[in-house]
Amino acid sequence: MESDGTLPGTSTRHGQISFAQDINKTGLIPALDDIASRLPPGTRPVLMLTNDRMVEVAGREAVHLSRSFRLSWADSAPRILPLLEKGNIESRCMAVGLNYPRSRLLTHADALEQTAQPLSFPVIAKPTKPLSAFKTLVAHSMTDLLTARRRLAGSMPVVIQEFIAGSDEQIHFGALYLRNGQVVARFEGRKLLSRPMGHTTIAVSEPNDQVHDLAVRFFDGLMLSGPVSLELKRGPDGRFWVIEPTVGRTDFWSGLCSANGVPLPVIEYYATLNRTCPTFMQRRGSVWINGERQPAALLWLAWHHPEHLLHGIRGVYFNLSDPLPFFRASWHAIRALPMRLIRKIGRQLSST
């Protein structure tokens with residue numbers, strides 16, 4: 001399902017796209033009901049969601065949706081929903097003994113300076129609600145933070161927390177597929193680049209038992225089912241700090257997992273149908289690149305990590321058996337170049 005027919009993925013030849021006016025808010029439910037009404041009697045397809053807002057809407061209507069669709073985490077929806085709120089992550093980390101950056105919750109823009117005062121700069125700010133106007137904003141001083149007040153005001157409430165020193169290459173993630181709290185499949189990886197902050201641009205497969213153990217600990221005892229993941233950052237002292245979890249959906253970089261031996265959507269499909277799933281083992285190899293968000297990502301990789309060019313490159317859209325989405329994405333990127341250049345010049349002028 002999609003609401004935007006201009007997106008490159010809608011031109012795939014490997015799927016049938018149903019267009020709906022609204023799939024990210026309450027309109028998702030009647031749109032799914034409409035699809036269900038056109039299915040053969042007794043059919044209950046596996047439903048896979050792709051962003052946090054969909055998970056939130058579907059989670060509130062999990063009982064209703066389960067009449068027509070199979071949702072891997074329907075039975076654990078009441079425990080999934082609180083984890084979508086970034087304001088709840090600190091208490092969860094405290095409960096399971098994981099490190100979480102010192103944070104404050106901002107609920108009104110007028111209290112910005114007072115709220116951030118106890119924290120050490122630099123700090124980051126991120127809305128507690130999924131798919132807000134921005135994902136992450138970094139401020140190196142109180143002046144920087146106050147300059148961003150208008151932007152913050154449009155996405156309240158906002159978590160303001162101390163920034164853990166280190167580059168993007170210190171960001172790790174552990175993905176799991178759970179069934180009633182038990183690990184069915186796992187995958188660990190590491191980011192090489194995030195542009196803009198918070199959005200994965202380049203990632204590599206990197207099995208890591210410590211990252212896996214921390215991810216398991218975060219979700220332990222919640223008896224969740226379905227796809228989940230935990231993003232962590234290794235600080236200068238070697239300790240891991242929780243950034244945020246993902247629940248109820250496969251991460252955008254799931255292509256990295258599939259390219260390196262762990263096809264999480266396939267595993268979710270088998271598990272949701274209660275079918276015996278083949279055993280998958282993670283391997284190192286293919287690098288995942290989001291060239292749509294950062295057209296120069298491949299050049300960055302060649303300059304900073306040329307050794308990875310010897311391995312396979314998996315892009316968001318590049319697929320020889322399904323070329324049209326890639327060509328469409330490339331055309332969008334070319335058309336956007338002038339505006340990107342104007343914005344870059346504008347940022348440089350404003351900083352001088």
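K.L.:
I'd love a proper account of the packing of aromatic side chains, names of residues and values included.
P.N.:
The description of two aromatic rings rests on the distance between their centres and on the angle between their planes. One pass over the full model with this rule turns up 6 aromatic pairs. Relative to Phe219, the ring of Phe218 lies with its centre 5.0 Å away and its plane at 80°, an arrangement referred to as edge-to-face. Here Phe218 matches Phe219 in class, with each residue buried. For the ring pair Phe252 and Trp288, a centre distance of 5.7 Å and an interplane angle of 85° mean the geometry is edge-to-face.

K.L.:
Account for helix 11 (residues 264-272), with residues named and values stated.
P.N.:
Here helix 11 has its buried residues at Leu264, Ile267, Glu268, Ala271 and Thr272. Considered in projection along helix 11, the buried side chains sweep an arc of 125° and stay on one side of the axis. Against the buried residues of helix 11 lie strand 5 (171-179), strand 6 (182-194), strand 8 (226-234) and helix 10 (254-259). Just downstream of helix 11, Asn274 is the residue with a positive phi angle, here 60°.

K.L.:
Would you mind going over the sheet that holds strand 6 in detail, with residue names and values included?
P.N.:
Ordered by their spatial adjacency, 7 strands build an open sheet running 9-8-5-6-7-10-11, and the pairing between neighbours is mixed. Strands with a single pairing partner mark the edges of an open sheet, and in this sheet they are strand 9 (240-247) and strand 11 (313-315). Strand after strand, the sheet turns through a mean of 25° between neighbouring axes, direction not considered. Sheet analysis places strand 8 next to strand 9, joined by 7 bridges and oriented antiparallel. Residue pairing for strand 9: Arg234 is matched across the bridge by Phe240. Each of strand 5, strand 6 and strand 8 touches helix 11; the most contacted strand, strand 5, lies at about 20° to it.

K.L.:
Tell me about empty space enclosed by the protein, and name the residues and values.
P.N.:
Space left empty within the atom packing is revealed by a probe, the size of a water molecule, rolled over the atoms. Throughout the structure, instances matching the rule amount to 1 cavity of 30 Å³ or more. Counted as a void, the largest cavity has a volume near 40 Å³. For the largest cavity, the full set of lining residues is Ala175, Leu176, Pro227, Val228, Ser229, Arg249, Thr250, Asp251, Trp253 and Leu264. Counting only elements with at least two residues in the lining of the largest cavity, the list comes to strand 5 and strand 8. Examining the composition of the lining of the largest cavity, we find that 3 residues originate from one element, strand 8, more than from any other.

K.L.:
Tell me about the pattern of salt bridges, and please be specific about residues and values.
P.N.:
Two side chains bearing opposite charge may form a pair once their charged atoms approach each other closely. Under the definition given, this model contains 12 salt bridges. Measuring nitrogen to oxygen at the nearest pair gives 4.0 Å for the salt bridge that ties Arg190 to Glu169. Here Arg190, found in strand 6, pairs with Glu169, found in the loop between strand 4 (158-162) and strand 5; they are 21 residues apart in sequence, far enough to count as distant. By relative accessible area, Glu169 is classed as partly exposed at 22%. A salt bridge links Asp209 to Arg186; the shortest N-O distance between them is 3.0 Å. Taken together, the positions of Asp209 in helix 9 (residues 209-219) and Arg186 in strand 6 put the pair 23 residues apart, joining distant regions of the chain.

K.L.:
Mind laying out the sheet that holds strand 3 (residues 137-139), listing which residues take part and the relevant values?
P.N.:
Taking strand neighbours across the sheet as the criterion, the 4 strands line up as 1-4-2-3 in an open arrangement whose pairing is antiparallel. The sheet is open, and its two borders are formed by strand 1 (103-106) and strand 3, each paired with just one other strand. Pairwise comparison of adjacent strand axes, ignoring direction, gives a mean angle of 25° for this sheet. Direction of pairing for strand 2 (residues 123-127) relative to strand 4: antiparallel, over a ladder of 5 bridges. Across the sheet, residue Val123 finds its bridge partner in strand 4, namely Glu162.

K.L.:
Just give me the short version of a nonpolar patch on the surface, but keep the residues and values in it.
P.N.:
A grouping of Phe318, Leu320, Leu324, Phe326 and Phe327 is seen on the molecular surface, where their side chains present a nonpolar patch of about 560 Å² in accessible area. Within the element layout of this structure, Leu320 appears in the loop between strand 11 and helix 13 (324-351).

Scoring rules and cut-offs
- Residues numbered from 1 in each chain as written.
- Predicted model: local features only at pLDDT ≥ 70, side-chain atom pairs only at ≥ 80, totals over all residues.
- Heavy atoms only, no water.
- Phe/Tyr/Trp six-rings, centres within 6.5 Å; stacked < 30°, edge-to-face > 60°.
- Buried < 20%, exposed > 50% of the residue type's maximum accessible area, 1.4 Å probe, protein only.
- Helix = DSSP H or I, 4+ residues; strand = E, 2+ residues; numbered from the N terminus.
- Arc of directions from axis to C-beta.
- Contact = heavy atoms within 4.5 Å.
- Pairing = 2+ DSSP bridges.
- Axes fitted to C-alpha atoms, helices over the stretch in contact; angles between N-to-C directions.
- 1 Å grid on protein atoms, 1.4 Å probe; cavity = no way out; pocket = protein on both sides within 12 Å on 5 of 7 lines; lining within 4 Å.
- Points joined across faces, edges and corners; volume = space filled by probe spheres on them.
- Salt bridge = Lys/Arg side-chain N within 4 Å of Asp/Glu carboxyl O.
- Patch = residues over 30% accessible without salt bridge, like charges linked within 9 Å, V, L, I, M, F, W, Y side chains within 5 Å.
- Areas by Shrake-Rupley, 256 points an atom, 1.4 Å probe, with all protein chains shown as cover.

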